[in-house]
Amino acid sequence: MKLKYHVFIVFCFVLCSKFLFAQDYQHPRIYITNEAKSDFLQSIEQVDWKKELVEEKKANLEKYLDFCEKDPNWLVSRLQMNWNTKHDKVYLKGGDFSHSEGSAPVPTVRYSGTRDWATDYISPKLEEVQPYLDDPKGLYLEHKTTHKKEWIHPSEAGFTIEKINEQIMRIAEDASFLYWLTGEKKYAELAAPIFLTYMDGMFYRDAPIDLNNTIQQKVSGLATFEVIHEGIVVSLVTTYDFLFDYFKSNHTSLDRTVAVFQKWGDQIITNGIPDNNWNLFQARFLTYIGLVLDTNATYKNGKGKEYFLDHTLTTSTDRQLAIKESLLVYDYETGIWPESPSYSVHVITTLLRIFTLLDHATNNNEFLNYPIIEKAALASFQYLFPNGYTIGFGDADHNILPPENFELLISNYQKYNETDKEALISGLLSNMISDDLYTRKAKDFFQLFFYVDELKTGHNIAEASLESLTSPTFYAPNVSLFNQRMGKGDDAIMVSTVGSYGNHAHSNGISIELYANNYVLGPDSGKGPSYWHPTFRNYYARMPAHNTVIVDGKSNYNNMRTYHPFQLDHSFPKSGEISNFNTVTYSKVSFVEPETASDQQRFLALIKSNAGKSYMVDVFRSRKQEEGAQKHEYIYHNIGQTLDVLDGNNQALKFQTTEELSSKQGDLVGYDFFTDKLKTETSGDARAIFSVKREGKPTQFTKLWVKGSKDQVIYKVKSPKSNALSEGTAPAELLDQPIPTLILKRQEAAWVNPFAVVFNPYVEGEINPIAQVTYTRFKGSPNTQVIDVVLNDKSTDRIVVNASTNDIATHNEFYQKGLLSIIRESEKSLDFMLLSGMTKFEKDGWNIIASAKPYTMSVERTAEGYVLQNNEPLTINMPYVEGKTSAELRLYKDGEIVDKRMGTKNRNNDNQLVFKLEKAYDKVVIYLMD
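Definitions and limits used
Residues numbered from 1 in each chain as written. Predicted model: local features only at pLDDT ≥ 70, side-chain atom pairs only at ≥ 80, totals over all residues. Heavy atoms only, no water. Helix = DSSP H or I, 4+ residues; strand = E, 2+ residues; numbered from the N terminus. Rg over C-alpha atoms; globule rule 2.2 N^0.38 Å. Buried < 20%, exposed > 50% of the residue type's maximum accessible area, 1.4 Å probe, protein only. Contact = heavy atoms within 4.5 Å. Lys, Arg positive; Asp, Glu negative; His and termini not counted. Charge placed at Lys NZ, Arg CZ, Asp CG, Glu CD. Axes fitted to C-alpha atoms, helices over the stretch in contact; angles between N-to-C directions. Parallel < 35°, antiparallel > 145°, perpendicular 65-115°, else oblique. Left-handed = near helix turned anticlockwise from the far one by under 90°. Expected span 1.5 Å × (residues − 1). Core = buried A, V, L, I, M, F, W, Y, C linked by side-chain atoms within 4.5 Å. pLDDT = per-residue confidence, 0-100. Nonpolar A, V, L, I, M, F, W, Y, C, P; charged D, E, K, R; others polar. Pairing = 2+ DSSP bridges. Patch = residues over 30% accessible without salt bridge, like charges linked within 9 Å, V, L, I, M, F, W, Y side chains within 5 Å. Areas by Shrake-Rupley, 256 points an atom, 1.4 Å probe, with all protein chains shown as cover. Salt bridge = Lys/Arg side-chain N within 4 Å of Asp/Glu carboxyl O. Phe/Tyr/Trp six-rings, centres within 6.5 Å; stacked < 30°, edge-to-face > 60°. Lys NZ or Arg CZ within 6 Å of the ring centre and 35° of its normal.

J.: I'd like a rundown of the overall build of the chain, residues and numbers included.
T.: For the chain, the count of helices and strands is 17 helices and 44 strands. Here the chain has a C-alpha radius of gyration of 32 Å; the compact-globule value for 930 residues is 30 Å, and the two agree. Viewed in the frame of its principal axes, the chain has a C-alpha envelope of about 105 × 65 × 50 Å. Burial status across the chain gives 60% buried among its 930 residues. Summarising the internal contacts of the chain: among those between residues at least 6 apart in sequence, 66% fall at separations of at least 24. For the chain, the separation between the mean place of its 98 positive charges and that of its 118 negative charges on side chains is 3 Å.

In structure tokens form, the structure reads like this:
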């Protein structure tokens, strides 16, 4: 469905006719109306989670009512204001508060201390806040380490100033709601002085000025350093909305309040960053401001409801793009927003909140105008590991999808009688509840008023599963992401491969996260204490924090907004497709590392054993484009308490301490974050074993079968904790612990002789799918990597990986012109073949030739013959099977046979039958006949 742009043209007229003129002077209007109050009161009594929040708010206010009964100014006095100086001007130096000056007739609102939320000081409880504090010495706060109080400049205090004010205003917000709900004046008398003092103080205070005239001037809000952090606006609007009748009955002038809302809206329209999530976070605040104000005609400056909602939806400015334009950056094919997962799902929540508010005002099913929102909410399931937690690339962490996204979709579906959709999404939430990932509970007014009372049950709930909303492979080019999944439940394995593209991305080259045995074994490191903190800038956002390959110790590029995606060269299955052959997924991506001008290529395959357990193959090629000395380091972080490295005979390799891997040696500063550095050198194959040990539970192992190479150096180090991990993706006792890390170093290019590692996760006492791994090469085939994996049932997988589809691998009677072959044999009998990027393939009497383009084809042995699928036309020359005289080709479409034909004898080889496939088929059966 395309966006209905004509809706924007008539939006204001529709909004006015349906809502504005009818309710201009009626409050509340944001979350509820007086007409709906009786139904709401009834629902509170009938719905436990609603009643719980209301009672919780009443209970929380009791102590403040007591405080204010003894001292009416108890809360007001703790607002962070310029109580004595009454400064009306604020000056910044870049991202830090500098000073304030000037004079106003009333105390004015203090500006926040800094853009950087990381601080060494503890924000005090309200009971500890000094009343009417306005001291030239700054703030008097407790140090987190020494626990001594110190006088500090506000710029050292992080968000302390704004958070105290937000906390107090949330108390006023709750009190205003309870006044509307109960009619008890004590609540209004608590809230009104707080609200009016703050709004008067903001009326007389100017927007900040950056003395350095940096980008900060273009992103500052009225209360905070970023217009996207002006969360106090929501509390102010809500308080105003619920207290409106009280103010009117007391003849309180609200002119200054209206002026502040207008000034705040103008600041949001004028400032911001116009090409990422900021537009939508700002739009949410504009929506609140627009909906609480009356029509443009009410005000002399014409800045009322229509004005601010027009800037929310349709009219863009240089630094604040309207929603109509902002949504165009979505990938309309995949439904993915071009930022890391934590931000992407937050964008969905923000959009759903905006349109829920608008729809409450218009009752015009506003969601229909923006179908990408619903698509994005469902596409977000592709971010999930098999246990329901999101992947963690860039500035993200492992978390569940926001249940609110689905609660608000359900609310809309119920309102407009979309019963099937409501049942389906209710099923998703029900699954989250049954998996102990979510408990239905309101945390704020938005949820209190807009969540449906009860989730619907129905036949569609059975269809609501993670498997139904994800695919074996998923490619999102606008964030350079490729996910591969295999298996279910305890057997599930997943690898997520990322480059760096879009916003909130890291400098990570081609990086991976590995999930198996219900944990993210190989995690990303996540983000640091803040985006301005040196630990983030030097480590968490840099290559050493990721599972990647670093060249010359220098691989690097800008983080945050980056333009260094990988190229997806090949994959199986194709993104979003479900293959009948489900034993293998793979991807091959390529990348040019910009700092060292190096070509890199990563091949990753997930392969399921006959026992249902899977393993992963990683072949990483890396070389500098210029000849000369070069160094390549393969880095992998895995959770656990220990990392043991053994030689090919299972004997522990001897390690020594080392001062290498350091900026003193010319490496990135990020290397300095590695500790407990140990080193050994070997040319032979090795086995690295990470162990996760938990009391009363079997030990989990991640065994890495590492290919040897001449003079290869192996390091064992500890890396800083991963900030991506959560209790859903790692044992709780490991969350704050250093991450054991394996580093493999080559003092030469790793292209013809790539890094090759087989990842073998298993659990003590359970099936270990791998018995042995051997790495070999074919003489005369320099770009070929051969990996033989002996499985626990003695069957063998041979993986032959070339660097490109044009490479040739030959050995005895084996011939491969193409990228990949994976062949499993049991007692010399073929179990399956996967051939991909292939022009010609020969082995054991099979000879399969592309008709034109390189093909991908799977062949599985069954009791009756072979099941095949292919994506391009090709010719199959297959060997006669002993005891069988001929074979019939059966072609399927949608599960039904559409054609049959007998194989013909190869005129050049009497021992082969010939079949031709003229196009792609999802299923082909070669039926062997006696």
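J.: Account for the packing of helix α5 (residues 185-203) against helix α6 (residues 232-249), with residues named and values stated.
T.: Helix-helix packing is characterised by the crossing angle of the two axes and by the distance between the axes. Following both chains from N to C, one finds α5 and α6 inclined at 125°, their axes separated by 10 Å at the closest point. When the axis of α5 is compared with that of α6, the two are oblique. In the crossing of α5 with α6, the sense of the turn from one axis to the other is left-handed. Residues Ala188, Glu189, Ala191, Ala192, Phe195, Leu196, Tyr198 and Met199 of α5 lie in contact with α6, whose contacting residues are Ile232, Leu236, Thr239, Tyr240, Leu243, Tyr246 and Phe247.

J.: Requested: an account of helix α13 (residues 403-415), with residues and values cited.
T.: Relative to the 18 Å expected for 13 residues at 1.5 Å per residue, α13 spans 18 Å between its end C-alpha atoms, a close match to the ideal helical length. Counting buried residues in α13 gives eleven out of 13 residues, a clear majority hidden from the surface. Within α13 the residues assigned to the buried category are Pro403, Glu404, Asn405, Phe406, Glu407, Leu408, Leu409, Ile410, Ser411, Asn412 and Tyr413. Those residues of α13 that are buried are in contact with α11 (341-362), α12 (371-379), α14 (419-434) and α15 (445-450).

J.: Let's hear about the nonpolar core: which residues, and what values?
T.: Grouped together as the largest cluster of nonpolar side chains are 204 residues, with contacts concentrated most on Tyr31, Leu75, Phe177, Tyr198, Trp264, Phe355 and Leu742. What Phe355 contacts, discounting residues up to four positions off in sequence, is Leu313, Ile323, Glu366, Phe367, Tyr370 and Ile373. Listed in part, the 33 residues of the second largest apolar core include Ala809, Ala850, Met857 and Met878.

J.: So what's going on with the confidence of the model for the chain? Residues and values would help.
T.: Here the chain averages 95 in pLDDT, and 96% of its residues register 70 or above. Under a pLDDT of 50 for its full length, residues 1-23 has, in the predicted model, 38 contacts with residues more than four places off or in other chains.

J.: Break down unusual backbone geometry for me, with residues and values.
T.: Note that the residue after His27, namely Pro28, is joined by a cis bond; omega there is 0°. Considering the arrangement of structural elements, one finds Pro28 in the loop between α1 (6-23) and α2 (37-46). The residue Asp676 is not glycine, and still its phi comes out positive at about 50°. Along the chain, the position of Asp676 falls in strand β24 (residues 675-682). One non-glycine residue, Asp711, lies in positive phi territory at about 55°. With respect to the helices and strands, the residue Asp711 is situated in the loop between β26 (697-706) and β27 (712-719).

J.: Give a description of the packing of α6 against helix α7 (residues 255-270) that names residues and reports values.
T.: Following both chains from N to C, one finds α6 and α7 inclined at 150°, their axes separated by 12 Å at the closest point. Compared by their axis directions, α6 and α7 come out roughly antiparallel. α6 and α7 meet at a crossing whose hand is left-handed. Between α6, through Ile232, Val233, Leu236, Val237 and Tyr240, and α7, the contact on the second element is made entirely by Thr257, Val258, Phe261 and Trp264. In terms of residue class, the contact of α6 with α7 is built from eight nonpolar, one polar and no charged.

J.: Quick one: what's the story with the sheet that holds strand β2 (residues 89-93), residue by residue and with numbers?
T.: With mixed pairing, three strands are arranged side by side in an open sheet as β3-β2-β8. A strand with exactly one partner marks an edge of an open sheet, and here the two such strands are β3 (96-101) and β8 (209-210). Examined bridge by bridge, β2 and β3 share five bridges and lie antiparallel to one another. Bridge pairing links Lys89 to Glu101 in β3.

J.: So what's going on with a negative patch on the surface? Which residues, and what values?
T.: Where like charges cluster on the molecular surface, the negative patch consists of Glu577, Asp894, Glu896 and Asp922. The residue Glu896 is located in strand β41 (residues 896-902) in this model. Given the relative accessible area of 54%, Glu896 is considered exposed.

J.: Residues and numbers for the sheet that holds strand β11 (residues 493-498), please.
T.: In space, the five strands of this open sheet follow the order β9-β10-β11-β13-β14, with antiparallel pairing throughout. Single-partner strands in this sheet number two, and they are β9 (473-476) and β14 (519-522). Taken pair by pair, the neighbouring strands of this sheet meet at an average axis angle of 20°, ignoring direction. Here strand β10 (residues 481-486) pairs with β11 via six bridges, running antiparallel. Bridge assignment links Met486 to a residue of β11, and that residue is Ile493.

J.: Summarise the environment of Ala322; cite the residues concerned and give the values.
T.: In this fold, Ala322 is placed in the loop between α9 (305-313) and α10 (323-326). Separated by ten residues in the primary sequence, Ala322 and Thr312 have C-alpha atoms spaced 5.3 Å apart.

J.: Before we move on, can you summarise the packing of aromatic side chains with the specific residues and values?
T.: One pass over the structure, following the stated rule, counts 59 aromatic pairs. Ring geometry for Tyr501 versus Tyr563: centroids 6.2 Å apart, planes at 80°, classification edge-to-face. Of this pair, Tyr501 sits in strand β12 (residues 500-505) while Tyr563 sits in strand β16 (residues 560-564), placing them 62 residues apart in sequence. Since its relative accessible area comes to 32%, Tyr501 is described here as partly exposed. Among the aromatic residues, those joined into a cluster by ring pairs are Tyr31, Phe40, Phe177, Trp180, Phe242, Tyr288, Phe445, Phe446, Phe449 and Phe450. The ring of Phe445 carries Lys57 above its face, with NZ or CZ at 4.6 Å from the centroid. Lys840 extends its terminal NZ or CZ atom over the ring of Tyr815, reaching a point 5.8 Å from the ring centre.

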